[in-house]
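Per-entry structural report
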Amino acid sequence: MTKIFLDPGHGGQDPGATGHGLREKDIVLTISRFAREYLEANYPGVSVKMSRTDDRYVSLSQRASDANRWGADVFASIHINAAVSTANGYEDFIFNGNVSNDTHQLQNAIHNKLSPFFPTNRGKKRANFAVLRQTNMPAVLTESGFITNKRDADFLRKTSNLKKLGQAHAKGIADFLGLDKKASVNKKEVKYMDPSSPALRKDFEEKLIRAVRRGIIDNSHVEQYKNGTLEQSNAIALTMLILSQEPSTQVYDAHKEAWEKAEQKGIMNGERPNHPLTRSEFATVANRVGLLD
Ligand SMILES: [Zn+2]
């Protein structure tokens, strides 16, 4: 089980940055929910925990210690920036003290997914933030745009964009962890037997019914065919089976003249030209030609 800890910044009495009618605490919660949803939907063996799942205050130390106690493999703190109105774009942070190579890899993976959403890439940065300093696992803090910038705020106002940002966080984390997407379920496309003309339909049904009478197949396939639920693949298999059991009705040229005469004289009834003759049938034929009188 791979454990991913998502940390939507601020919450409760701490709104985080505000601007253009938006609050950081709301935006980052929405982004985090979308990230969790994407991770859980697309990667097997992943467990996601959030520092908060609603609008409540959680201290910075609490966020870090929750992730540490849970034994998270990755920590991602999700924020929105604020500054003068002209400042805009994306940046992210890792701890500015000693960090593992994995921490750099995590920052790279997240940065590659998030930065393309913003016209300005402010770069991969380092800072002494509490959640980065106090967490034991690779940890990153993202700042997805400036709530104080008109263009960034307009972008963050749309839920569809927050979904993209959430999914980008998820994809970056998945890249870092080397998670494989769930194999898309290969749904078998079922096609049903549906002959194109009434004549073909009737002929096929008659063949099926005859095969039932002869004990080659059971009646369930006829019922399926009648109500349109006989699968094509089964229809093909049934046809092969019936054909293999069905004696040929073809009369070879060398036998044709005699066969037709025998039918005309009533010695043979014109059916089953290639069937072997049984002893009782031979007696019947002998009787018909007067050998027994
Ligand atoms: Zn913040």
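Owing to the predicted nature of the structure, the values given are computational and were not obtained by experimental measurement.

The rules behind each value
- Residues numbered from 1 in each chain as written.
- Predicted model: local features only at pLDDT ≥ 70, side-chain atom pairs only at ≥ 80, totals over all residues.
- Helix = DSSP H or I, 4+ residues; strand = E, 2+ residues; numbered from the N terminus.
- Contact = placed C-beta atoms within 7 Å.
- Domains from an automatic or database assignment.
- Pairing = 2+ DSSP bridges.
- Axes fitted to C-alpha atoms, helices over the stretch in contact; angles between N-to-C directions.
- Core = buried A, V, L, I, M, F, W, Y, C linked by C-beta atoms within 7 Å.
- Buried ≥ 20, exposed ≤ 12 C-beta atoms within 10 Å, placed from the backbone.

What follows is about the overall build of the chain. For the chain, the helix and strand inventory stands at eleven helices and eight strands. For the C-alpha atoms alone, the extent of the chain along its principal axes is close to 120 × 40 × 35 Å. Taking the contacts inside the chain whose residues are at least 6 apart along the sequence as the reference set, 78% of them involve residues at least 24 apart.

Let us look at the domain arrangement of the chain. When the domains of the chain are assigned, the result is domain 1 (2–177), domain 2 (188–246) and domain 3 (247–293). Distance between the C-alpha centres of domain 2 and domain 3: 31 Å.

A separate point is the sheet that holds strand β1 (residues 2–8). Strands sit in the order β4-β1-β5-β8-β6-β7 across an open sheet of six strands; the sheet is mixed. The outermost strands of the open sheet, each flanked by one partner alone, are β4 (46–50) and β7 (121–127). Averaged over all pairs of adjacent strands, the angle between their axes in this sheet comes to 20 degrees, without regard to strand direction. Direction of pairing for β1 relative to β4: parallel, over a ladder of five bridges. Following the sheet pairing, T2 is matched in β4 by V46.

Core analysis: the biggest nonpolar cluster contains 49 residues, and I4, L6, I31, V74, A76 and I173 have the highest contact counts within it. When neighbours within four sequence positions are excluded, V74 is seen to be in contact with I4, F5, L106, M137, P138, I173, F176 and L177. Counting residues in hydrophobic clusters, the runner-up holds seven residues, among them M193, A211, A235 and L238.

With that out of the way, let us pick up the pairing of strand β5 (residues 74–81). With eight of eight residues buried, β5 is to be regarded as a mostly interior element. Of the pairings in the sheet, the one linking β1 to β5 comprises five bridges and is parallel in character. When the bridges of β5 are listed, F5 appears paired with F75. The pairing of β5 with strand β8 (residues 139–146) spans six bridges and is classified as parallel. Each residue of the ladder has a partner; that of I78, found in β8, is T142.

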